[in-house]
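Below are the chains, spelled out letter by letter.
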Amino acid sequence: GEDGELGAIIRGTGPKVSLSRRATTTQRARMSATARHASEGGGVSESPLGGAEKAACIYLDWNATTPIYEEVADEMRPYLTHFGNPSSSHAYGRPSKAAVKYGRDRVAKLMGCSSSEVFFTSCGSEADNWAIASALARGKQLASCTGRPHVVTSNIEHPAILEALRAYQADGLCDFTLVEVDGEGTVCPSAVERAVTENTVLVTIMHSNNEVGAVQDLAAIAKAAKRAKRDVLVHTDAAQSFGKVCVNVKELGVDLCTLVGHKLGAPKGIGALFIDESVTAFPNFLHGGGQEGGRRAGTENVLLISGLGKACEIASRDGPRISSWMKSRRDQLRDRILAGLDPVPVLINGQGDGRGLPNTLSISIAQCNASEVLAELSEDVAASAGAACHSGGAGVSSVLTAIGLDESHARGTLRLSTGRLTTEREVDRAAELLCASILQSIHTSL
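Residues numbered from 1 in each chain as written. Predicted model: local features only at pLDDT ≥ 70, side-chain atom pairs only at ≥ 80, totals over all residues. Heavy atoms only, no water.

Caption draft 1: Examining the overall build of the chain more closely. Each helix and strand counted, the chain has 14 helices and 14 strands in total. Out of the 446 residues belonging to the chain, those deemed buried represent 53%. A separation threshold of at least 6 residues defines the contact pool for the chain, and within that pool the share at least 24 residues apart is 73%. (Helix = DSSP H or I, 4+ residues; strand = E, 2+ residues; numbered from the N terminus. Buried < 20%, exposed > 50% of the residue type's maximum accessible area, 1.4 Å probe, protein only. Contact = heavy atoms within 4.5 Å.)

Caption draft 2: Layout of the pairing of strand S14 (residues 413–417). A large share of S14 lies buried, amounting to five of its five residues. On S14, burial covers both faces: Thr413, Arg415 and Ser417 on one face and Leu414 and Leu416 on the other are all buried. In the sheet, strand S12 (residues 360–364) pairs with S14 via five bridges, with the strands oriented antiparallel. Directly across from Thr360, in S14, lies its bridge partner Ser417. (Pairing = 2+ DSSP bridges.)

Caption draft 3: Spatial organisation of the packing of aromatic side chains. In the structure shown here, the tally under the stated rule is three aromatic pairs. When the centroid spacing of 6.1 Å and the interplanar angle of 70° are considered together, the rings of Phe119 and Trp130 count as edge-to-face. One end of the pair, Phe119, is in strand S4 (residues 118–121); the other, Trp130, is in helix H5 (residues 124–139), with 11 residues separating them in the sequence. Its relative accessible area of 5% is what places Phe119 among the buried residues. A relative accessible area of 0% places Trp130 in the buried class. Positioned over the ring face of Trp325 is Arg329, at 4.4 Å from the centre of the ring. Taking the ring centre of Tyr69 as reference, the NZ or CZ of Arg420 above it sits at 4.4 Å. (Phe/Tyr/Trp six-rings, centres within 6.5 Å; stacked < 30°, edge-to-face > 60°. Lys NZ or Arg CZ within 6 Å of the ring centre and 35° of its normal.)

Structure, rendered in structure tokens:
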């Protein structure tokens, strides 16, 4: 086992390194000065991280990415300077190896699986691509697959799924079927079952949607898929779900599951793929060294893994309380906007019976240009008119098209998402600013 101060930090039982404590104190002081300057009318201030930061800008884009939680940053800090390779057996390597194990254990606890079933990746897109590529390769070896491997997915998936499938199809490596969602963004399990063929090797359906917040009944979908074909693999991208709703992979009955760090308070650049221990003949995606049990080559990023582990610990410990807080702020935001826009008709997208993500509010207003509203408020309110991680095009969101929105409502759609740190005062102020800008946009269009 590890000895000394670093080992105590890894176990969470010892004091922080004095240098780290001083750095944290200094950083907080500078951030306080930044906020104070902004509140006094100073506007843009120099961030302690080296860039311009508008402290007064209200963050309502938690589905795009979350801030790194303070506890997560504190846990990561020692590994900015401790450089040991976790594959090394000497004094420098052992603490890093212990940190990777500690991180994996906490990720596994949140996912509801064994630590040996968790494999770290560089991001959610890698995990999704790994699930698809290896499922296709595995499928070719199945006696039940007599033709080109086939995949079943939905028409509201993340581009990491859809673009990967299109690329494999273009290369003649697979066919795939898109199951359409209903007007709330819900996938029907029986529709998935009907889409499965004798050559289907993978069903991949996201656990929750990042734009409208619809949460799928993955347990029912997994049962339906395996009822149609016993040896089909079921994968779910649960990037948006962990940290917001309970996700237990064993209870869902899925074979593969994607988790993404920067959606639940950890840094960007780290994710994980759950691979059920029952899944055999599942080829590697990256080839090289024997890291990650020989299944994913590349020296583990100890810094980011430690942060992901801490974020998962927070979600496991405080999940229900955080979820309740996010829902309260989301509901407060919805009510303030509806009142502020009355009598303008406002369409609320997604599942309206409490089944959706507790933090997500997708609203559509005809004759409103959502992109212009957010551009005007970009220094005051941070939100999204679509899926932020792949926005930038002029077209209407494919998710909004899939749920049946006409072009006027689709272009007038705002995605607002709250988080662990969102305050009541921020919500009130954001609603006031958004309503004023939306009403101005409608007036301009008339």
